[in-house]
Amino acid sequence: MKIGLVKEGRIPVDKRVAFTPEQILELHRAHVNLEFFVQSSDHRCFSDIEYESRGIKVVEDISQCDVLFGIKEVPIEQLIPDKTYVFFSHTIKKQTYNRALLRAVIDKNIKLVDYEVLKNSQGQRVTAFGRWAGVVGAYNGLWTYGQKTGLYQIKRAFECFDLFELMEELKKVQLPPIKIVVTGSGRVGQGALEVLHATGIRQVESHDFLFHYYDGPVFTLLSSSHYNRRKTDGGFDKEEFYAQPEKYESHFLKYTEVSDIMISAAYWDNRAPRLFRKEDIQSEDFNISVIADITCDIDGSIPTTIRASKVHSPVFDIDRDTFEELPPFGKQNSISIMAIDNLPTELPRDASKDFGEQLIRYFIPELLKPQSEMIDNATIAKDGDLTMEFIYLRDYLNGEVEKEE
């Protein structure tokens, strides 16, 4: 089997890659029947030379490969017919901006496997960048607060060579006795916690966070049960909430009254309540001045996330009174929003290594099987059509529905 690593073509360019040079050597040693080709790239986090110096073939043309691995969506003009592609397609939520891509995949008779739906027998995702989104998102939140207040200066995450250097930068963070609220206890939330713990910020329980004063900075980690209540009786049932979130309402405002920074790392279902309303930020009791929205759901759980920001333009402000967008830090009492939609690319070497390890552990063994239920269930299209698992995308493919964020 010939495996190719594609040159990332989506703009803005992503520096991540599915396998590091050392991982390809590891795979070749374990599976001598696998042959790897790396498409030459001048912006990948691992240079062509790093692959070539290990005897890995770096080429311009990867059309001889059977399976092609990317990270972000492959531009339509770069798709090679009759191949198997593996990448994040961002089509399973019927995103309008990638409808043409899915049409092209089908027209070119491509088998498309999407990382986002690769799951084990327990329904758990096996390949994700969530931890790194959390790490970079929390770091960027602290960077934003430093820029807004002028209390300290740290490098941008993308200026750090790796996680070690980023953690060294955190030693420069000197915070007053502020409060930071973090939503989400999954991979993304745990990544955010790595940064907050490394900074030496004390973690406290939610009740104490609300009602106690501290002489140093503290944070609390919230799960859905902390700020969602059933409309009828104020109760909370986890299974019911995930199955029927429309039965619940948000009780998050009490946290906005005591928090200075918010780090949003919780998955949001568009049937679930928003954490707060646009008009809530006009209140004098709304204390949050910096929001690091790692989830980046446009007009979603965080109403102030009116658009995604970019790595080289990471922050915009929202006017509390008019809800209009302002330049970053452009008004004393405006709310600064960090909502970068591709955070892991700021620490590409570490994120790529971690992702490649997941692929080696979970995906490659399945790829080498004559038949894999895991891969079949993650295959959006093959043989010139949608698979049965994703037949629900038919109306979307035909342009009959609007996008779902």
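Residues numbered from 1 in each chain as written. Predicted model: local features only at pLDDT ≥ 70, side-chain atom pairs only at ≥ 80, totals over all residues. Heavy atoms only, no water.

The name given to the chain in an unreviewed UniProt entry is Saccharopine dehydrogenase [NAD(+), L-lysine-forming], with the source organism recorded as Belliella marina. What UniProt records for the chain under Catalytic activity (unreviewed entry) is the sentence "L-saccharopine + NAD(+) + H2O = L-lysine + 2-oxoglutarate + NADH + H(+)". The record in UniProt for the chain states the following under Subunit (unreviewed entry): "Monomer." (UniProt positions renumbered as here; feature names shortened; annotations may be inferred.)

S.K.: Explain the nonpolar core to me, and be specific about the residues and the numbers.
M.R.: It is characteristic of soluble globular proteins that their nonpolar side chains tend to be buried jointly. Judged by nonpolar contacts, the single largest core of 101 residues is most densely connected at Phe-19, Phe-69, Tyr-85, Tyr-115, Ile-180, Ile-263 and Phe-363. The leading source of residues in this core is helix 4 (residues 130-149), at nine residues. Leave out the neighbours within four places in its chain, and Tyr-115 touches Ala-18, Phe-69, Gly-70, Ile-71, Val-86, Phe-87, Phe-88, Arg-125, Thr-127, Phe-355 and Leu-359. Grouped together as the second largest cluster of nonpolar side chains are 27 residues, Phe-209, Tyr-255, Leu-275 and Ala-339 included. (Core = buried A, V, L, I, M, F, W, Y, C linked by side-chain atoms within 4.5 Å. Buried < 20%, exposed > 50% of the residue type's maximum accessible area, 1.4 Å probe, protein only. Helix = DSSP H or I, 4+ residues; strand = E, 2+ residues; numbered from the N terminus. Contact = heavy atoms within 4.5 Å.)

S.K.: Describe the sheet that holds strand 13 (residues 290-293), and please don't skip the residues or the numbers.
M.R.: With respect to topology, eight strands assemble into an open sheet ordered 8-9-7-12-13-16-14-15, the strand pairing being mixed. For this open sheet the edge positions go to strand 8 (202-203) and strand 15 (325-326), each flanked by a neighbour on one side alone. Looking at chain direction, strand 14 (residues 315-318) and strand 15 are connected through two bridges and run antiparallel. Residue pairing in the sheet places Ile-318 in a bridge with Glu-325 of strand 15. With respect to the sheet, helix 6 (residues 187-198) is in contact with strand 7 (179-183), strand 8, strand 9 (218-222) and strand 12 (261-264), its orientation differing from that of strand 9 by roughly 170 degrees. (Pairing = 2+ DSSP bridges. Axes fitted to C-alpha atoms, helices over the stretch in contact; angles between N-to-C directions.)

S.K.: Just give me the short version of the side chain of Ser-289, but keep the residues and values in it.
M.R.: Position of Ser-289 relative to the elements: it lies in the loop between strand 12 and strand 13. The class of Ser-289 is buried, set by a relative accessible area of 17%. Contacts of Ser-289, omitting those with residues within four sequence positions, involve Tyr-145, Lys-148, Asp-260, Arg-320, Ser-334, Ile-335 and Ser-336.

S.K.: Pulling in residues and values, what's your account of the layout of surface pockets?
M.R.: In this structure, the second largest pocket spans a volume of roughly 300 Å³. If you trace the second largest pocket, you find 15 residues lining it, with Lys-15, Phe-158, Val-311, His-312 and Thr-345 closest to the centre. Taken together, the residues of the lining of the second largest pocket break down into seven nonpolar, four polar and four charged. (1 Å grid on protein atoms, 1.4 Å probe; cavity = no way out; pocket = protein on both sides within 12 Å on 5 of 7 lines; lining within 4 Å. Points joined across faces, edges and corners; volume = space filled by probe spheres on them. Nonpolar A, V, L, I, M, F, W, Y, C, P; charged D, E, K, R; others polar.)

S.K.: Let's hear about the environment of Tyr-255: which residues, and what values?
M.R.: Tracing the chain through its elements places Tyr-255 in helix 10 (residues 253-256). Residue class for Tyr-255 comes out buried when judged on its relative accessible area of 2%. On a C-alpha basis, the gap between Tyr-255 and Pro-245 in space is 20 Å, while along the polypeptide they are 10 residues apart. Discounting residues that sit within four places of it in the chain, Tyr-255 has contacts with Val-181, Ser-206, Phe-209, Leu-210, Leu-222, His-226 and Tyr-227.

S.K.: Could you give an account of the packing of aromatic side chains, with specific residues and numbers?
M.R.: Under the counting rule described, the total for this entry stands at 17 aromatic pairs. Considering the side-chain rings of Phe-19 and Phe-36, the 6.2 Å spacing of their centres and the 75 degrees angle between planes classify their relative orientation as edge-to-face. You can see Phe-19 sitting in the loop between strand 1 (2-5) and helix 1 (21-30) and its partner Phe-36 sitting in strand 2 (residues 35-39), a full 17 residues away along the chain. With a relative accessible area of 0%, Phe-19 lands in the buried category. Taking the relative accessible area as the measure of exposure, Phe-36 reaches 6% and is therefore buried. Centre to centre, the rings of Phe-276 and Phe-286 are 5.1 Å apart; their planes meet at 70 degrees, and the pair counts as edge-to-face. Placement of Phe-276 in the loop between strand 12 and strand 13 and of Phe-286 in the loop between strand 12 and strand 13 is noted, with a sequence separation of 10 residues between them. Each member of the pair, Phe-276 together with Phe-286, is buried. (Phe/Tyr/Trp six-rings, centres within 6.5 Å; stacked < 30°, edge-to-face > 60°.)

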